[in-house]
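Here's the letter readout for the chains.
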Amino acid sequence: LIDVAVTLYVVSDIFQAFLISHCGRTEMIMSYFTHTKEEIMRVVKRSEILSTEEDPALTFMKTALNMIANDKIYVVQKKSDFISSIGCDGFWDGGYLYLLPDNTYFKVTNYLKLAGEYFGLELKKIGKLLCDEGYAISTSNGNGKHTYYARILLSGEKKVNFLKIPKGVIQKLQESMEGVQ
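Residues numbered from 1 in each chain as written. Predicted model: local features only at pLDDT ≥ 70, side-chain atom pairs only at ≥ 80, totals over all residues. Heavy atoms only, no water.

Some points on the overall build of the chain
Thinking step 1. Within the chain, the secondary structure is distributed over seven helices and seven strands.
Thinking step 2. Counting from the amino terminus, helix and strand elements in the chain follow one another as α-α-α-β-α-β-β-α-α-β-β-β-β-α.
Thinking step 3. Compactness check: the chain gives a C-alpha radius of gyration of 20 Å against a globular reference of 16 Å for 181 residues, more than 25% above the reference.
Thinking step 4. For the chain, the spread of C-alpha atoms along the three principal axes comes to 70 × 35 × 25 Å.
Thinking step 5. Going through the 181 residues of the chain one by one, you find that 38% of them count as buried.
Thinking step 6. The contacts in the chain between residues at least 6 apart in sequence include a share of 54% that link residues at least 24 apart.
Thinking step 7. For the chain, the centre of its 21 positive side-chain charges and the centre of its 21 negative side-chain charges are spaced 8 Å apart. (Helix = DSSP H or I, 4+ residues; strand = E, 2+ residues; numbered from the N terminus. Rg over C-alpha atoms; globule rule 2.2 N^0.38 Å. Buried < 20%, exposed > 50% of the residue type's maximum accessible area, 1.4 Å probe, protein only. Contact = heavy atoms within 4.5 Å. Lys, Arg positive; Asp, Glu negative; His and termini not counted. Charge placed at Lys NZ, Arg CZ, Asp CG, Glu CD.)

Structure below.
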């Protein structure tokens with residue numbers, strides 16, 4: 001990844017010089033390339049951190065929180081907003097974040113794949129792993145057994161599975177990630 005970042009930097013410098021010499025809109029071009037280089041460094045820094053993490057649950061959670069912070073995973077403030085919105089991935093309710101496991105898994109794994117990171121955990125195992133590692137809470141299925149997903153009734157129809165993540169867990173992860181995003 002470092003080689004790619006260096007290559008992107010060099011190519012962006014060459015392209016920037018070309019545009020400035022042929023277009024004359026120096027201020028706009030400089031602004032764009034400054035932002036581009038900052039984004040390159042942010043991705044490199046994030047990738048280095050993810051590559052040193054061996055715990056797939058931690059990698060999944062930190063990536064999901066980063067994506068929520070950057071509006072790549074769309075979370076609304078209330079269950080009622082979730083029901084009435086299209087394209088939501090989760091909502092906040094009573095000190096918990098509820099995330100649709102399929103949507104979240106798909107978005108996180110695609111993000112990691114695009115960043116060149118391998119994430120080999122299957123969707124059907126993510127709920128168990130997150131609960132076992134203390135990132136999500138298992139709930140009763142109503143028959144005296146626990147499930148790795150919270151089953152929530154949406155608008156009087158059928159129950160939907162959600163990952164149930166305590167706000168305290170999220171706050172601890174966000175504190176450990178400060179300066180990384």
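Following the structure, the description resumes.
Looking at the environment of I68
Thinking step 1. With respect to the secondary-structure elements, I68 resides in helix α3 (residues 56–69).
Thinking step 2. Taking the C-alpha atoms as reference points, I68 and D89, 21 residues apart in sequence, are found 9.5 Å from one another.
Thinking step 3. With near-sequence residues (within four places) excluded, I68 lies in contact with I73, V75, L97 and L99.

Observations concerning α3
Thinking step 1. In this model, α3 (14 residues) spans 20 Å end to end at C-alpha, consistent with the 20 Å of a helix rising 1.5 Å per residue.
Thinking step 2. A large share of α3 lies buried, amounting to 12 of its 14 residues.
Thinking step 3. For α3, the complete set of buried residues consists of A57, L58, T59, F60, M61, K62, T63, A64, L65, N66, M67 and I68.
Thinking step 4. Backbone nitrogen of A57 and a side-chain oxygen of the N-cap are separated by 3.1 Å at the start of α3; the cap is D55.
Thinking step 5. D71, located one to two residues past α3, shows a positive phi value of around 55°. (Expected span 1.5 Å × (residues − 1). Polar contact = N/O pair within 3.5 Å; in protein donor to acceptor, adjacent residues only side chain to side chain.)

Comments concerning the sheet that holds strand β1 (residues 75–76)
Thinking step 1. Reading across from one edge, β1-β2-β3-β7-β6 is the order of the five strands in this open sheet, with mixed pairing throughout. Looking along the sheet, the strands with just one partner apiece sit at the ends: β1 and β6 (150–153).
Thinking step 2. The sheet contact formed by β6 and strand β7 (residues 159–166) spans four bridges and is antiparallel. Note on β7: the bridge partner recorded for L153 is K159. (Pairing = 2+ DSSP bridges.)

That's the geometry; what it means functionally is another story.
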